[in-house]
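The lines below spell out each chain.
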Amino acid sequence: MGMMDINKKIIDLKLQGNCCSQIIMQMGMDAMGKEKNPDLIAAMAGLCGGLHRGKVCGILTAAACLLYMRNPEEAGQGQNEELLDWFEDEFGSLDCDELLEGNPLNKAEKCPAMMDATYKKLQEMLGWEDD
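Since the structure is predicted, the reported quantities are computational estimates derived from the model, not experimental observations.

Enquirer: Help me understand the packing of helix α5 (residues 58–70) against helix α8 (residues 107–126), please; the structure alone is not making it clear to me.
Expert: The relative placement of two packed helices comes down to the angle between their axes together with the axis-to-axis distance. At their nearest, the axes of α5 and α8 sit 10 Å apart, and the two run at 20° to each other. Regarding the angle of α5 to α8, the classification is roughly parallel. Crossing geometry of α5 relative to α8 is assigned as right-handed. From α5, I59, A63, L66, L67 and R70 reach across to α8, where they touch C111, M114, M115, T118, L122, M125 and L126.

Structure representation (structure tokens):
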């Protein structure tokens with residue numbers, strides 16, 4: 001998925017009412033060729049907005065779930081740690097409130113860029129084709 005395609009998919013899924021963790025999970029499942037699973041996507045809403053408390057970013061937690069969905073053994077043997085280290089280095093924090101600098105209005109600008117970058121990191125880590 002090219003850069004414009006990633007951004008378009010993020011926007012399309014957001015306009016359907018999905019939040020960050022739901023968007024990352026849906027895009028990842030699509031990339032892995034997984035069957036549609038509305039119940040899983042609905043459940044991912046529990047991770048949005050840092051568990052709805054500004055804690056660990058829903059983009060990151062959804063990406064970690066995708067690592068374990070793809071290959072639990074590899075995820076547990078360093079991939080998850082690599083993802084967390086990359087995310088913190090890239091964005092300066094793992095926590096939603098800190099990432100948004102305490103201002104929920106920053107979601108409109110910051111979250112799409114973080115989703116885009118995190119999806120690209122997953123592509124790199126999991127060898128997803130760039131179609």
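So that's the structure; there's more coming.
Enquirer: Got a minute to help me understand the state of the cysteines in this structure?
Expert: A disulfide bridge is the covalent bond that connects two cysteines by way of their sulfur atoms. Applying the stated criterion to the full structure yields 1 disulfide. Disulfide pairing places C19 opposite C48 at an S-S distance of 1.4 Å. Here C48 lies in helix α4 (residues 48–54) and C19 lies in the loop between α1 (3–15) and α2 (20–31), a separation of 29 residues in the sequence. According to the relative accessible area criterion, C48 is buried, its value standing at 6%. Between C20, a cysteine without a disulfide, and C48, which holds the nearest cysteine sulfur, the sulfur-to-sulfur distance is 4.5 Å.

Cut-offs used in this document
Residues numbered from 1 in each chain as written. Predicted model: local features only at pLDDT ≥ 70, side-chain atom pairs only at ≥ 80, totals over all residues. Heavy atoms only, no water. Axes fitted to C-alpha atoms, helices over the stretch in contact; angles between N-to-C directions. Helix = DSSP H or I, 4+ residues; strand = E, 2+ residues; numbered from the N terminus. Parallel < 35°, antiparallel > 145°, perpendicular 65-115°, else oblique. Left-handed = near helix turned anticlockwise from the far one by under 90°. Contact = heavy atoms within 4.5 Å. Disulfide = S-S within 2.5 Å. Buried < 20%, exposed > 50% of the residue type's maximum accessible area, 1.4 Å probe, protein only.

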